[in-house]
Amino acid sequence: MKNSCLIEKDFFSYAINPFFYIASIVFCAFCAAGFFFAGRFFIEGGGGASLSQFFLLMPYIASLFIPSLCLESKSRALSATLPFSTRVLFLSRIVSALAFFALAILPTALVPLCVNFFCDVDCGAIFTAYLGMIFFAAASISLCVFLSELVQNRAAYFFFSVLFLSAINLAHLLPTVAQLSDFSSALVRFFSFAWHFDSAGKGVLDTRDFFFYVLSAILFLELAVFTAETRKGKNYFSKKNALSTITFLLILIFAALDSSRVYRRFDLSRSKQFSISPYTKSLVSSAQEKIRITYYRSQELLSLYPEVREVGFFLQSLALENKNVSYTELDPSRRGEVKNLGDLGVQPYQIQSVKNSRVEFIDTYSAIVLEYLEGIAVIPLAFSTNSLEFDLALRLDFLLNKTSRKAYVLSGGDFDLERNFTAAMQWLSLEGFETIPVFDARILAEAEISSPLVIFGTKNFSQEDSAAIENFILRGGAALIMTSPYSANVEGDWGISENPRDTFIPVLEKWGAAFDLALVADVSNVRASFYSAPSGGQNPQSEYKYVNYPLWVNLLPQANAHAGLEFFWASPIRIVSDSAEPIFFTSESSWVFLPDTRGTFGDSLFETNPFTIPKAAPENGDFSQKRVSALGAKITGKILGLYNSLENASPRVTLISGQYFASDILLAMAGGEAGDYRNLDFLGTELLRLNGENDLAGLKNSFAEQNSGIYKIADAEEMARAIRKTLAINFLLMPAAVLFAMGAFFFARKRRRGRIALYLKKQDGGRA
């Protein structure tokens, strides 16, 4: 009871000091400004639903706030007059400061509240981050209490504590700028308070970090007690206390050692973005020697691409999960590693910088180098964690097991394989596949079925070609087929013609997936720049305009397409047997255009002009009808041959509507300057599944973001309103609320003191 009264008294000393209310406002405002402005949240939307950058700012800003909390403590003056032990007095100071710190950072919860205006926030990650911040503060306050006892001068204490706490928080960055051994790097990271907060700031509860904070708080508490006792002339190591002191120190040492061996990590974030999959854990555990991972990241990237921080954290998490992995993070420009990266084939990524009114282009790096025995593998560009574990697992599998993959690739459509599908071939190579071009489909009748087959279009296949492909699949070969019953004059007027002599589409129909003679359109479509030719009139000018093109469908994210996909002049797929099932669907606002055989659109069966085509489903159109369409299918049930007398009880065939799904020219036009690689990403993932590597393929989507940036905002006006509301809440309402709380407390205190004075006056009057 007496101890609780002491804590209440110490806490009251904070509550009656206006300085701490002002300090709380400054702390919360700096955290919010750092996230919204320095983090470019409004401009880039880079924070998205992840508040990790906001929470990771807190330890550094707390390097100023926490020393100020301990500056005004009165416990030292009371220690000589109150009947409490030195340890209890210091513990009271720590607990009361920690309680006030928890209240002081409470207004920062307005930041997640405001982020929710733009996108859904991760409540699990927020809880873990605030819990970690409390433990961080406990260790930091304990350190500052010790320093306040060690340094008697108040000004010197404040300067020294801010300097020391900042140095401890920044210690983990030393290996990025100085040449340190693995042991030295691990040592300086271990002593960094901010480094131990990284996991909690990302939504990961690591028992080692929390145990570190508890041990640090206890250690600095005892050091403060030792300093105070020594200053009073008492013997801290007296015979009376010797046994308990030695026992305590031994428990501390063994607990610290044991916490690094016996620990648990709980990823409480919604996306589980930093949880290492069982597949990768098993892969790393099979290593006979140390796997060295070096992440080369340029400091200049952080301002434009804050997501690269997540890359380093994931690699660090992988190293913490397994003793077979060592991790180092370096800035190549400061370490002079640029030539070594060039020798490994890593090219810099140029970013634009404006300095002194001049535009400059700076070479930057975000590359990962993996070393195992004599082997080296490289991830030349890593900007986020979306597919990072997949890229790591792919290269680790090659380094550890020498795994190789092959895929047959052929084109039976309008485009040449080597000239028009270069990006797709390169992408598959990056996904670990050696592509084998097939220029005569008939050889597939005798080909090994261990490698999957990729087909771009089928209109030009002869019956012999189709029979050979069918034979390959019926013998057990897997296939990814992109085709449709129509072709577009891509390099001409975009006229659409039918492919009546396609010999492979009847095979697909026999297997349960038929095409309707129509083209799919959707209000969810690609917005691209199209050339507008002059049509007469005065001063006609040709120009490029951005137009929504309904015949280029932008498929929304769904179960089998986590990031969505793009389809070019695709036909709806109709399921006609139980052997097939649909996998992709258009939106509920989609419709189909029916072919016109009366010559309304010239030689084309459909209207394809981006500037004149209807942008929504016509109510009573002659050539359209509103409906949801399937644009992909899987054939996995029993199938029989059309040209062969074989059968396959469990085929592996994926059908995509449209031969242009992965063509260079269409992807370039639809992707714009930033590029759109969703189709190629799906191509690689699906090929892995067809190859029987479902675990590896699953990694590509396991860390898919729950949302993409500011996705709740529909237009610029709504965005402006949300920004104004956010700024008002964090920089006007928050300070006003804190000041109001201070005023309410002082007013209540004044009234209470007035009532006590009145009561005492009445008591004195009664006695008189």
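Details of the structure are given in the entry above.
Residues numbered from 1 in each chain as written. Predicted model: local features only at pLDDT ≥ 70, side-chain atom pairs only at ≥ 80, totals over all residues. Heavy atoms only, no water.

Participant: Give me the lowdown on the overall build of the protein chain, citing residues and values where you can.
Facilitator: Along the backbone of the protein chain there are 28 helices and 27 strands. Residues counted as buried form 51% of the 768 residues belonging to the protein chain. The long-range fraction of contacts in the protein chain, counting pairs at least 24 apart against all pairs at least 6 apart in sequence, stands at 77%. On the protein chain, roughly 36,200 Å² of surface is accessible, and the fraction owed to carbon and sulfur atoms is 58%. (Helix = DSSP H or I, 4+ residues; strand = E, 2+ residues; numbered from the N terminus. Buried < 20%, exposed > 50% of the residue type's maximum accessible area, 1.4 Å probe, protein only. Contact = heavy atoms within 4.5 Å. Areas by Shrake-Rupley, 256 points an atom, 1.4 Å probe, with all protein chains shown as cover.)

Participant: Account for the nonpolar core, with residues named and values stated.
Facilitator: Core analysis: the largest hydrophobic core is formed by 98 residues, its most contacted members being Ile368, Trp552, Phe567, Trp569 and Phe584. Tallying contributions element by element places helix 20 (residues 388-401) first for this core, with eight residues. With residues near it in sequence (within four places) discarded, Ile368 still touches Ile293, Thr294, Tyr295, Val311, Leu315, Ala377, Val378, Ile379, Ala382, Leu388 and Leu392. Grouped together as the second largest cluster of nonpolar side chains are 74 residues, Ala23, Phe146, Leu147 and Ala722 included. (Core = buried A, V, L, I, M, F, W, Y, C linked by side-chain atoms within 4.5 Å.)

Participant: Any chance you could break down the pattern of salt bridges for me, citing the residues and the numbers?
Facilitator: The tally for this structure, following the rule as stated, stands at 15 salt bridges. Among the salt bridges present, the one from Lys634 reaches Glu686, with a minimum N-O distance of 2.4 Å. One end of the pair, Lys634, is in strand 24 (residues 630-635); the other, Glu686, is in helix 26 (residues 678-690), and 52 residues separate them in sequence. Glu686 carries the same exposure label as Lys634, and that label is buried. The residue Arg689 makes a salt bridge to Glu686 at a minimum N-O spacing of 3.9 Å. Of this pair, Arg689 and Glu686 both sit in helix 26, three residues apart, which is roughly one turn of that helix. Members of the salt-bridge network, linked through shared partners, are Asp397, Arg405 and Glu693. (Salt bridge = Lys/Arg side-chain N within 4 Å of Asp/Glu carboxyl O.)

Participant: Tell me what's going on with the sheet that holds strand 16 (residues 519-521), and back it up with residues and numbers.
Facilitator: One open sheet accounts for three strands, arranged 16-22-23; its pairing is antiparallel. The sheet terminates laterally at strand 16 and strand 23 (624-626), the two strands that pair on one side only. Here the strands of the sheet are splayed against their neighbours by 25 degrees on average, with no regard to which way each runs. Relative to strand 23, strand 22 (residues 591-593) runs antiparallel, the two sharing three bridges. Among the inter-strand pairings, Trp591 is bridged to a residue of strand 23, identified as Lys626. (Pairing = 2+ DSSP bridges. Axes fitted to C-alpha atoms, helices over the stretch in contact; angles between N-to-C directions.)

Participant: Any details on helix 20? Residues and values, ideally.
Facilitator: The end-to-end C-alpha distance of helix 20, which contains 14 residues, comes to 19 Å, matching closely the 20 Å that a straight helix rising 1.5 Å per residue would cover. Of all 14 residues that make up helix 20, twelve are buried, and the element is covered over most of its length. Within two residues after helix 20, Lys402 carries a phi angle of roughly 55 degrees, on the positive side. (Expected span 1.5 Å × (residues − 1).)

Participant: Explain the packing of aromatic side chains residue by residue, including any values.
Facilitator: This model, assessed by the stated rule, comprises 42 aromatic pairs. Both rings, one in Phe65 and one in Phe101, keep their centres 5.8 Å apart while their planes meet at 35 degrees; by these two values the pair is tilted. Here the residue Phe65 occupies a position in helix 4 (residues 52-71), and Phe101 occupies one in helix 6 (residues 86-104), the gap between them amounting to 36 residues. Residues Trp494 and Trp552 carry aromatic rings whose centres are separated by 5.3 Å and whose planes lie at 40 degrees to one another, so their mutual orientation is tilted. (Phe/Tyr/Trp six-rings, centres within 6.5 Å; stacked < 30°, edge-to-face > 60°.)

Participant: Quick rundown of a nonpolar patch on the surface? Include the residues and the values.
Facilitator: Side chains of Ile22, Val26, Phe30 and Leu739 sit close together on the surface and give an oily, nonpolar patch of about 350 Å² of accessible area. With respect to the secondary-structure elements, Ile22 resides in helix 2 (residues 18-38). Taking relative accessible area as the criterion, Ile22 reaches 43% and is therefore assigned partly exposed. (Patch = residues over 30% accessible without salt bridge, like charges linked within 9 Å, V, L, I, M, F, W, Y side chains within 5 Å.)

Participant: How would you sum up the sheet that holds strand 3 (residues 291-297)? Please name residues and give values.
Facilitator: Pairing within the open sheet is mixed, and its four strands lie in the order 4-3-7-8. Edge positions in the sheet fall to strand 4 (325-330) and strand 8 (375-379), since each of these pairs with one other strand and no more. Strand-to-strand twist across the sheet, computed as the mean angle between neighbouring axes with direction ignored, equals 15 degrees. Sheet topology places strand 3 next to strand 4; six bridges connect them, and they run parallel. The residue bridging Arg292 from the neighbouring strand is Ser326, located in strand 4. Of the strands in this sheet, strand 3, strand 7 (366-372) and strand 8 touch helix 20, which is tilted by about 165 degrees from strand 8.

Participant: Now, about the packing of helix 4 against helix 6: what can you tell me, with residues and values included?
Facilitator: Across the interface, helix 4 lies against helix 6 with an axial gap of 10 Å and an inter-helix angle of 135 degrees. Classified by the angle their axes make, helix 4 and helix 6 are oblique. By crossing handedness, the relation of helix 4 to helix 6 is classed as right-handed. Within the contact between the two elements, helix 4 uses Phe65, Ile66, Leu69 and Cys70 and helix 6 uses Arg93, Ala97, Phe100, Phe101 and Ala104. Considering only residue class, the contact of helix 4 with helix 6 consists of eight nonpolar, no polar and one charged. (Parallel < 35°, antiparallel > 145°, perpendicular 65-115°, else oblique. Left-handed = near helix turned anticlockwise from the far one by under 90°. Nonpolar A, V, L, I, M, F, W, Y, C, P; charged D, E, K, R; others polar.)

Participant: Lay out the packing of helix 8 (residues 123-150) against helix 12 (residues 193-201) in plain terms, naming residues and giving numbers.
Facilitator: The geometry of helix 8 relative to helix 12 is characterised by a closest axis approach of 8 Å and an angle of 165 degrees between their N-to-C directions. As the angle between them shows, helix 8 and helix 12 are arranged roughly antiparallel. Crossing of helix 8 against helix 12: the hand is right-handed. On helix 12, the residues that touch Ala125, Thr128, Ala129, Gly132, Met133, Phe136, Ala139, Ser140 and Leu143 of helix 8 are Phe193, Ala194, Phe197, Ala200 and Gly201. The residue inventory of the contact of helix 8 with helix 12, partitioned by class, reads ten nonpolar, four polar and no charged.

Participant: Describe unusual backbone geometry, listing the residues and the values that go with them.
Facilitator: One non-glycine residue, Leu373, adopts positive backbone phi at about 55 degrees. One can find Leu373 in the loop between strand 7 and strand 8. For Leu373, a relative accessible area of 59% gives the class exposed. If you check the backbone angles, Trp569 has positive phi at about 50 degrees while not being a glycine. For Trp569, the position within the fold is in the loop between strand 19 (565-568) and strand 20 (573-575). By relative accessible area, Trp569 is classed as buried at 2%.

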